[in-house]
Amino acid sequence: MRALVISGGGSKGAFAGGVAQHLMENEKREYDLYLGTSTGSLLIPHLANNNIEKIYDIYTNVTQRKIFSNNPFITRKRNGKEYVAINYLNVIWQLIKGKRTFGESKNLRRQIRNNFSEDEYKQLIDNGKNVVVTVSNLSMNRVEYKSIMDYNYDDFCDWIWISCNYVPFMSLTKKDGYEYADGGLGCIIPIREAVKMGASEIDAIILETENMEYNKILGKNPFSLMVSLYSFVLDQLESHDIVEGKLAALNKNVRLNTYFTPTRLTENSLYFNKKKMAEWWEQGKVYAEARVKIQQPKKMAG
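Below: a short report on this structure.

1. Quick word on the overall build of the protein
Per the secondary structure count, the protein includes eleven helices and ten strands. Relative to a compact globule of 302 residues, whose C-alpha radius of gyration would be 19 Å, the protein shows 18 Å and is just as compact. The buried share of the protein, taken over its 302 residues, is 54%. Sequence-distant contacts in the protein: of pairs separated by 6 or more residues, those separated by 24 or more amount to 77%.

Listed below in structure tokens is the structure:
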């Protein structure tokens, strides 16, 4: 059984889309199992239905407005360059309303339902494509994996949305009596889960550079510093997930093909820039082609 696994990474999901497009269209790879976290959970239902052109249009036309119903970030320009700052008015308004998060992502929930129809959901069920998204159950302090096979259309759309909710900058959601948030808070790249589910070969797209050491400029105020600290913690978690995944694959004799980003694409993956995301998609295709050529001799030797 072959699995496609895509990590979290916000706007960097466009790069994963390009990698997946090359693997599916040029390398003719077909998958039985699709696992995703956060942005990966947005990609995999469409990839499983082979709707590559549709998900490309979604990722290259996304805006902050389509994601956030209350956006805690604002884009500024300095010396001809764009950078992301804090939208203090929106954050203060959230606090005044007694909310526990700095932003809200209800618009994303609407976008998921608008772009992933009930007919497409039924098509996946009928074709036996197992699509699994990662969520973090904060109430029970555990990571959970939600399979499309176990839920109706409305519930599965909720799980996709919950998997993307990067708390405390996006919505905190209560479902089935528990409070849930972004799957990336517990497992950024679910390689080990793919092994546990019986995959014999895994293509894992990891939306970070293989060497995560780089000079990072920390935030100049408490809010932006918190964004930087979150990024650091998630980088460490991702590194842990990769090591665990590699060990699990080795123990079960599973072939694991990894695809990292060749460069660090952005300092804030919650900033959605249509032009940059279109560029990242193309970079993903080019990178995947080169990466497959490197892997081929190993495959022949095995």
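From this point, things continue past the structure.
2. Observations regarding the nonpolar core
Formed by 82 residues in total, the largest nonpolar core has its most connected members in L47, I202 and I205. The leading source of residues in this core is helix α8 (residues 153-164), at eight residues. Apart from the residues lying within four places of it in its own chain, the contact partners of I202 are A3, V5, I191, A194, V195, V254, R255, L256 and N257.

3. Considerations on a nonpolar patch on the surface
On the surface, Y88, I92, W93 and I96 cluster together into a nonpolar patch covering about 460 Å² of accessible area. Summarising the element assignment, W93 is placed in helix α5 (residues 88-96).

4. Topic: the pairing of strand β8 (residues 178-182)
The side chains of a regular strand alternate between the sheet's two faces. Of the strand pairs in this sheet, strand β5 (residues 130-137) and β8 are connected by three bridges, and their pairing is antiparallel. For S136, the partnering residue across the bridge sits in β8 and is A181. Linkage of strand β7 (residues 173-175) to β8, two consecutive antiparallel strands, is achieved through a turn of two residues, within which D176 is found at a positive phi near 55 degrees.

About the criteria used
Residues numbered from 1 in each chain as written. Predicted model: local features only at pLDDT ≥ 70, side-chain atom pairs only at ≥ 80, totals over all residues. Heavy atoms only, no water. Helix = DSSP H or I, 4+ residues; strand = E, 2+ residues; numbered from the N terminus. Rg over C-alpha atoms; globule rule 2.2 N^0.38 Å. Buried < 20%, exposed > 50% of the residue type's maximum accessible area, 1.4 Å probe, protein only. Contact = heavy atoms within 4.5 Å. Core = buried A, V, L, I, M, F, W, Y, C linked by side-chain atoms within 4.5 Å. Patch = residues over 30% accessible without salt bridge, like charges linked within 9 Å, V, L, I, M, F, W, Y side chains within 5 Å. Areas by Shrake-Rupley, 256 points an atom, 1.4 Å probe, with all protein chains shown as cover. Salt bridge = Lys/Arg side-chain N within 4 Å of Asp/Glu carboxyl O. Pairing = 2+ DSSP bridges.

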